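Notes for the structure review
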Amino acid sequence: MPHKSLAQRNNGQIALALGAGGARGLAHVIVLEVLDELGLRPCMVAGSSMGAILGAVYCAGFSGKDIRQHILQIVRDKPDVMARLLKARVGRITDLFTRGLANPVLLDGEEFLRQFWPKAMPENFEALQIPFTAVATDFLTHEAAIFKSGPLIPAVAGSMAIPGLIRPVAHEAQVLIDGGAVNPLPFDLVQASCVIAVDVTGGPQLQRTKAPEPFEAMFGAAQIMQTAITREKLKNFAPDLLFRPQTDHFSALNFFSAREIFKSAEPLREDIKRALDKSLSPRALD
């Protein structure tokens, strides 16, 4: 009997969870490219924060290669990026004097997605080619807010609403903030014979001696919290395959280093292929 390809063995039984991690989440693209190369199509995808931003685009039908090219095209033009960010900005510098503690650099997450997502993105979950789940945090109830249907932009904007950088999203009866606050790696929200999770929260920086600046400390604290949440989740329940790209040395806002992030995550490519070949073997699926 001829050897079946991974795509033939998969038969729609892969699910994918893409985690939070800011710019480190650009490494998700490597995983998406490998799945495309092997002809593997997830039966469902879940994403939190950066994982939700990229996961929604992938589920809309864009390939991993398409997403990489879109990102690199954007970040190579810094003046254009700054112009788009200005359009997504909520406050003004004068707000410091007229509104006290208002944040003049706070971003509107929904406008941010309109500025940076591919123009062909659908408006609703129902129009996606792959079932997709976005996880945010309901600030009022302190619980996860799970979205699988309805308008896409409010759900993903809520999932990426990092406190202090992106304003909360008021959606229906909920006030949404960053999904990483409750579920930075939502592998528990997908089901399949093989659940793949990609953790980009980042690890410790043991070689560092310099104290962080205030803004950096704020994001670092969020990273530590997300890492702790993920560690506790993994004690009780783990995905079938867990990948951690080596992107720890990049900061959460280091998006202009997209090319370097892709390069740092590149060694994971062959590891993913070997793990999938083993996991999707007929014996493993029995």
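Structural data are supplied above this passage.
As the structure is a prediction and not an experimental result, all values here were calculated from the model. (Residues numbered from 1 in each chain as written. Predicted model: local features only at pLDDT ≥ 70, side-chain atom pairs only at ≥ 80, totals over all residues. Heavy atoms only, no water.)

**Here we look at helix α9 (residues 214–236)**
To be explicit about the condition: Segments assigned H or I by DSSP are reported as helices when at least four residues long, segments assigned E as strands when at least two residues long, and all are numbered from the N terminus. Given the number of residues in a helix, its expected span is that number minus one, multiplied by 1.5 Å. With a 1.4 Å probe rolled over the protein chains alone, any residue whose accessible area is under 20% of its type maximum counts as buried; one over 50% counts as exposed, and the rest are partly exposed.
Here α9 is 23 residues long and its end C-alpha atoms lie 34 Å apart, about the 33 Å a rise of 1.5 Å per residue gives. Burial in α9 covers these residues: Phe219, Gln223, Gln226, Thr230 and Lys233.

**Some remarks on unusual backbone geometry**
Positive phi, close to 55 degrees, is recorded for Ser49, a residue that is not glycine. A residue is classified by how much of its surface remains accessible, and Ser49, at 5% relative accessible area, is buried.

**Section: the environment of Leu189**
Convention followed: Here, two residues are considered to be in contact whenever any of their heavy atoms come within 4.5 Å of each other.
Mapped onto the secondary structure, Leu189 falls in the loop between β6 (174–177) and β7 (194–198). Counting along the chain gives 172 residues from Leu189 to Ala17, while the straight-line C-alpha distance between them is 8.1 Å. Residues within four places of Leu189 in sequence aside, it is in contact with Met44, Ala46, Thr133, Val135, Ile146 and Asn183.

**Overview of the packing of helix α2 (residues 28–38) against helix α4 (residues 64–75)**
How two helices sit against one another is set out by the angle between their axes and by the gap between those axes. Operational definition: Helix axes are fitted to C-alpha atoms over the stretch in contact, other axes to C-alpha atoms as well, and angles between N-to-C directions run from 0 to 180 degrees. Gly is placed with the polar residues, together with every amino acid not listed as nonpolar (Ala, Val, Leu, Ile, Met, Phe, Trp, Tyr, Cys and Pro) or charged (Asp, Glu, Lys and Arg).
Interaxial distance between α2 and α4 falls to 7 Å at its minimum, and their mutual angle equals 145 degrees. Across the interface between the two elements, Val29, Ile30, Leu32, Glu33 and Asp36 from α2 touch Gly64, Lys65, Ile67, Arg68 and Ile71 from α4. Of the residues assigned to the contact of α2 with α4, the class counts are 5 nonpolar, 1 polar and 4 charged.

**A short note on a nonpolar patch on the surface**
Inclusion rule: The patches described consist of residues with a relative accessible area above 30% and no salt bridge, like charges being joined within 9 Å and nonpolar side chains (Val, Leu, Ile, Met, Phe, Trp, Tyr) within 5 Å. Only the protein chains shown count as covering a residue, and every accessible area follows the Shrake-Rupley method with a 1.4 Å probe. The salt bridge criterion pairs a side-chain nitrogen of Lys or Arg with a carboxyl oxygen of Asp or Glu, the two atoms within 4 Å.
Taken together, the side chains of Phe215, Met218 and Leu253 present a nonpolar region at the surface, about 250 Å² in accessible area. A residue is classified by how much of its surface remains accessible, and Met218, at 35% relative accessible area, is partly exposed.

**Quick look at the packing of aromatic side chains**
Geometry of an aromatic ring pair is reported as the spacing of the ring centres plus the angle between the planes. Under the convention used in this document: The aromatic pairing rule takes the rings of Phe, Tyr and Trp, using the six-membered ring of Trp, and pairs them if the centres are within 6.5 Å, calling planes under 30 degrees apart stacked, those over 60 edge-to-face and the rest tilted. For a lysine, the NZ atom is tested; for an arginine, the CZ atom; a charge sits over a ring if that atom is within 6 Å of the ring centre and within 35 degrees of the ring normal.
For the coordinates displayed, the defined rule picks out 3 aromatic pairs. Seen from their ring centres, Phe112 and Phe116 are 4.7 Å apart, and the 35 degrees between their planes marks the pair as tilted. Placement of both Phe112 and Phe116 in helix α7 (residues 109–116) is noted, with a separation of 4 residues, approximately one turn of the helix. Take Phe116: its relative accessible area is 12%, and that puts it in the buried class. For the ring pair Phe187 and Phe237, a centre distance of 5.5 Å and an interplane angle of 40 degrees mean the geometry is tilted. Of this pair, Phe187 sits in the loop between β6 and β7 while Phe237 is found in the loop between α9 and β8 (241–243), placing the two residues 50 residues apart along the sequence. On the basis of relative accessibility, which here comes to 1%, the residue Phe187 falls in the buried class. Looking at Arg68, its charged tip hangs above the ring of Phe262, at a distance of 4.7 Å from the centre. For the cation-ring pair, Lys233 lies above Phe187, with the distance from its terminal atom to the ring centre recorded as 4.2 Å.

**Concerning the pairing of strand β4 (residues 143–147)**
Applied cut-off: Note: two strands are recorded as paired if DSSP finds a minimum of 2 bridges between them.
In this sheet, β4 lies alongside strand β3 (residues 132–138) in antiparallel orientation, the contact comprising 5 bridges. In the sheet register, Ala136 faces β4, and the bridge partner there is Ala145. In textbook terms, the turn of a hairpin is the stretch between consecutive antiparallel strands, and for β3 and β4 this stretch comprises 4 residues, one of which, His142, has a positive phi near 65 degrees.

**With respect to the side chain of Thr137**
Definition in use: Nitrogen and oxygen atoms within 3.5 Å of one another constitute a polar contact, given that in protein one can donate a hydrogen and the other can accept it, and given that sequence-neighbouring residues count only through two side-chain atoms.
As for its position among the elements, Thr137 is in strand β3. Note on Thr137: relative accessible area 5%, which makes it buried. A polar contact is formed between the side chain of Thr137 and the backbone oxygen of Asp178, at a distance of 2.8 Å.

**Points about the packing of α7 against helix α8 (residues 152–159)**
As a reminder of what qualifies: The scheme is simple: roughly parallel for angles under 35 degrees, roughly antiparallel for over 145, roughly perpendicular for 65 to 115, oblique for anything else.
Running from amino to carboxyl end, α7 crosses α8 at an angle of 110 degrees, the nearest separation of the two axes being 8 Å. Regarding the angle of α7 to α8, the classification is roughly perpendicular. Contacts between α7 and α8 involve Gly109, Glu110, Leu113 and Arg114 on the former and, on the latter, Ile153, Pro154, Val156 and Ala157. For the contact of α7 with α8, a count of residues per class yields 5 nonpolar, 1 polar and 2 charged.

**Digging into the state of the cysteines**
Basically, it comes down to this: Any cysteine sulfur atom paired with another within 2.5 Å is treated as part of a disulfide.
Here the structure, examined in full by the defined rule, presents 0 disulfides. Cys194 supplies the cysteine sulfur nearest to Cys43, a cysteine that is in no disulfide, at a spacing of 10.0 Å. For Cys43, a relative accessible area of 24% translates into the label partly exposed.

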